[in-house]
Amino acid sequence: MKRAKPERRSQGLAWLLVLLASPAWSQSGADGRALRLDTSLGLTQTYTDNLRLSSTAKDAALITQISPGLRVSSSGGRLRGDLDYSLNGLLYSRSDSANQTQHRLSARANADLIEDRLSVDATASISQQTLSAFGPASASPVLPGGNTAEVYALSVRPVLRGQLAGLLSYSMQAAFTEARAKDSVAGDASSHNLSMQLGGLGAPGLLGWSAQLSRLHSAPRQGRSTDTEQGSVSLLLRPDPDWSASLTLGHERENLATVSARAGSTYGLSAQWQPQTRTRLALDWQHHEYGDTHSISLEHRMARSVWRFVDSQSVNRPGLQGNGGGLSNYDLLFALAAGREPDLQKRDVLVRQQLAQLGLDPNALVQGGFVNSSNSLVRRQEASFALQGLRTSATFTLSRTRSELLDPVANGRDDFSNSSRIRQQVYALNLAHRLTPDSSLALTLSQLKSRGELSSQHSALRSVLANWSARLGPRSSLVLGLRHSDFESSTQPYRENAVLATFTQQF
């Protein structure tokens, strides 16, 4: 790959500085569309006593992190969505580690191409992910531990809906996904899913019905391609406005757990109870030849707290494994603020202001998981809550994941080639206390445990992070922090201590 010429790099940097120098702005159209643009620039200086995450060859170093960021959101109109991107340039001093550039992207969009007829949903992400559940884990993505990779994911889903002769409603959709892991092929995979659904028209009543056809093809870059074809009919029941239920019967043909395709019957039950906007309970259970799947979710929101419990079992296809569904500080406080601010864009601004005031990282999420090239059956249980007082706030997440290999042929390049069952447990507690209107203290405690079938396949990462944050002006802030990490492993244990200082300027 050819490297960019120096003059091209200078032009790119100039355009970036021009963009960052522009103030945040918002625009509203006559159709109710609201568009908002925010830019920021962050500078973080970190001193660590163990850059290489080693117990025998510690490498004390200074890390300079320059992080320009861009956030765009649009609500209303035919194009809705948001994009949050940051570019992290990492410079390592007093060390021979090579400088690097990291990207972080979270984007989603919905476009109504033909009103009430044709729409397109799209999501994209770039994140730092763990390659192996048994390798060295790190409390910070800026530490080059050799067990992380930048993972790119893209999903596009066009949907066509309408009516047939005023008697039936129909919906046809196609979903295309791509995942790529930088400097690794274990997480590279693509898939496409085609589906169609028919249902009766008329006002919602006691009984209803629907019929579905679908075909899913999954192709990892290494490993075995699989196909799942399914047809089913569902009977819908709504005895009360607060209750709804459905019974599903169908036939399925798949090769997830066998080399050759096999066919079998599928059936299941689902129910939902929502007596008010603050409480929701959803249940679902489905029988398959490769194993039963289920989902139980309960969420309850009060004036100053939100509580959530999830228990699910589902098939995980090649790509990122095991950590889906985790909630960040932003997710929990966003759900908590639903009662105060129903407008999604205004709520987003409100929550981000609260997180900045408390000195909490919006994206803080202790991530388990790993990348893989095999099909697996994943059981995930998670309990989380957020409490918000007048000056003190707390968020907590506890989850455990059990991943079992389905694929009869292991490819020899991921964790499932060494263990057919992998368990992970994660907890994270965030406490924040506002000292003054412009300053706060925050404490984060976290732990990640991983275990395989062999006694040597176990590890535990424990981390403590204490921050003091202050708002220096209307759009600038300073965070000073201390971090301690302790990684237990039979192969590569280590301890790491760090001092951090971050200055952020929003434009």
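Keep in mind the model is a prediction, meaning the values are calculated, not measured. (Residues numbered from 1 in each chain as written. Predicted model: local features only at pLDDT ≥ 70, side-chain atom pairs only at ≥ 80, totals over all residues. Heavy atoms only, no water.)

Asks: I would appreciate a short explanation of the overall build of the protein chain in the present structure.
Replies: A count of helical and extended segments in the protein chain gives 3 helices and 25 strands. For the protein chain, the proportion of its 507 residues judged to be buried stands at 39%. When contacts within the protein chain are restricted to residue pairs at least 6 apart in sequence, those whose partners lie at least 24 apart make up 56%. (Helix = DSSP H or I, 4+ residues; strand = E, 2+ residues; numbered from the N terminus. Buried < 20%, exposed > 50% of the residue type's maximum accessible area, 1.4 Å probe, protein only. Contact = heavy atoms within 4.5 Å.)

Asks: Quick question: what am I supposed to make of the pattern of salt bridges here?
Replies: Think of it this way: side chains of opposite charge can pair up when their charged atoms draw near. One pass over the structure, following the stated rule, counts 26 salt bridges. Beyond isolated ion pairs, a larger network of salt bridges with shared partners links Arg402, Glu404, Arg421 and Glu453. (Salt bridge = Lys/Arg side-chain N within 4 Å of Asp/Glu carboxyl O.)

Asks: I'm lost on a nonpolar patch on the surface in this one. Help?
Replies: Where nonpolar side chains cluster on the molecular surface, the patch consists of Leu206, Leu207, Leu235, Leu237, Leu247, Leu249, Tyr267, Leu269 and Trp285 and spans about 870 Å² of accessible area. Of all the elements in the fold, those that place two or more residues in the nonpolar patch are strand S11 (226-240), strand S12 (243-254) and strand S13 (262-276). Of note, leucine 237 is situated in strand S11. On the basis of relative accessible area, leucine 237 is assigned to the partly exposed category, the value being 36%. (Patch = residues over 30% accessible without salt bridge, like charges linked within 9 Å, V, L, I, M, F, W, Y side chains within 5 Å. Areas by Shrake-Rupley, 256 points an atom, 1.4 Å probe, with all protein chains shown as cover.)

Asks: Would you mind going over the packing of aromatic side chains with me for this structure?
Replies: Two aromatic rings, taken as a pair, are described by how far apart their centres are and by the angle between their planes. Following the criterion strictly, the structure yields 6 aromatic pairs and no others. Ring geometry for phenylalanine 370 and phenylalanine 416: centres 5.8 Å apart, planes at 70 degrees, overall edge-to-face. You can see phenylalanine 370 sitting in strand S18 (residues 370-372) and its partner phenylalanine 416 sitting in the loop between strand S20 (392-405) and strand S21 (421-436), a full 46 residues away along the chain. Residue classification places phenylalanine 416 among the buried residues on the basis of a relative accessible area of 2%. Each residue in the set Trp307, Phe385 and Phe396 is aromatic and connected to the rest through ring pairs, giving one cluster. (Phe/Tyr/Trp six-rings, centres within 6.5 Å; stacked < 30°, edge-to-face > 60°.)

Asks: Please clarify how the nonpolar core should be interpreted in this entry.
Replies: Proteins that are soluble and globular tend to have nonpolar side chains buried together. Residues Leu51, Ile63 and Leu143 are the most contacted members of the largest nonpolar core, which totals 14 residues. The next biggest cluster of nonpolar side chains, apart from the first, holds 10 residues, and it includes Phe334, Ala337, Leu355 and Ala386. (Core = buried A, V, L, I, M, F, W, Y, C linked by side-chain atoms within 4.5 Å.)

Asks: Quick question: what am I supposed to make of the pairing of strand S5 (residues 100-114) here?
Replies: In terms of strand pairing, strand S4 (residues 79-93) meets S5 through 12 bridges, oriented antiparallel. Residue pairing in the sheet places leucine 83 in a bridge with alanine 107 of S5. Hairpin connection, S4 to S5: the antiparallel pair is bridged by 6 residues, and arginine 94 has positive phi, about 60 degrees. For S5 and strand S6 (residues 118-130), the ladder comprises 9 bridges, and the chain directions are antiparallel. When the sheet's bridge partners are listed, serine 106 is paired in S6 with serine 125. (Pairing = 2+ DSSP bridges.)

Asks: Would you mind showing me how to read unusual backbone geometry here?
Replies: Most peptide bonds take the trans form, and the phi angle of most residues other than glycine is negative. Notably, leucine 53 is not glycine yet its phi reads approximately 55 degrees, a positive angle. Structurally, the position occupied by leucine 53 is in the loop between strand S2 (34-48) and strand S3 (61-75). Accessibility expressed as a relative area gives 0% for leucine 53, which makes it buried. In this structure, arginine 94 takes a positive phi of about 60 degrees despite not being glycine. Looking at where arginine 94 falls in the secondary structure, it is placed in the loop between S4 and S5.

Asks: Before we go on, may I ask you to explain the environment of isoleucine 296 in this structure?
Replies: Considering the arrangement of structural elements, one finds isoleucine 296 in strand S15 (residues 293-301). Under the relative-accessibility criterion, isoleucine 296 is labelled partly exposed at 33%. Along the sequence, isoleucine 296 and aspartate 284 sit 12 residues apart, while their C-alpha atoms lie 6.5 Å from each other. Apart from the residues within four sequence positions on either side, isoleucine 296 is in contact with Ala282, Leu283, Phe309, Val310 and Asp311.

Asks: Hey, could you run me through the side chain of glutamate 496 in this one?
Replies: Assignment of secondary structure puts glutamate 496 in strand S25 (residues 494-506). One polar contact links glutamate 496 to arginine 483, side chain to side chain, over a distance of 2.8 Å. For glutamate 496, the contacting residues outside a window of four places in its chain are Thr48, Asp49, Asn50, Leu143, Arg483, His484 and Ser485. (Polar contact = N/O pair within 3.5 Å; in protein donor to acceptor, adjacent residues only side chain to side chain.)

Asks: How should the pairing of S13 be read in this particular structure?
Replies: Two faces, one strand: in a regular strand the side chains alternate between the faces of the sheet. Examined bridge by bridge, S12 and S13 share 12 bridges and lie antiparallel to one another. Across the sheet, leucine 249 pairs through a bridge with tyrosine 267, a residue of S13. With 8 bridges connecting them, S13 and strand S14 (residues 279-287) associate as antiparallel partners. Pairing of tryptophan 273 across the sheet is with leucine 281, part of S14.

Asks: What am I meant to see in the environment of valine 159 here?
Replies: Summarising the element assignment, valine 159 is placed in strand S7 (residues 148-164). Remark: the alpha-carbon pair of valine 159 and methionine 196, spanning 37 residues in sequence, is separated by 9.7 Å.

Asks: Any chance you could explain the environment of aspartate 38 here in plain terms?
Replies: Topologically, aspartate 38 is positioned in strand S2. Looking at aspartate 38, its side chain comes within polar contact range of the side chain of arginine 36, at 2.8 Å.

Asks: Explain the side chain of glutamine 447 to me, please; I cannot follow it from the model alone.
Replies: With respect to the element layout, glutamine 447 can be found in strand S22 (residues 439-451). Side-chain polar atoms of glutamine 447 contact the side chain of arginine 462, separated by 2.9 Å.

Asks: Got a minute to help me understand the confidence of the model for the protein chain in this structure?
Replies: The predicted coordinates should not be examined in detail at positions where pLDDT is low. In the predicted model, the protein chain carries a mean pLDDT of 84, and the fraction of residues at 70 or more is 87%. Residue range residues 1-24 is modelled with pLDDT below 50. Its contacts to residues more than four positions away, or to other chains, number 19 contacts. (pLDDT = per-residue confidence, 0-100.)

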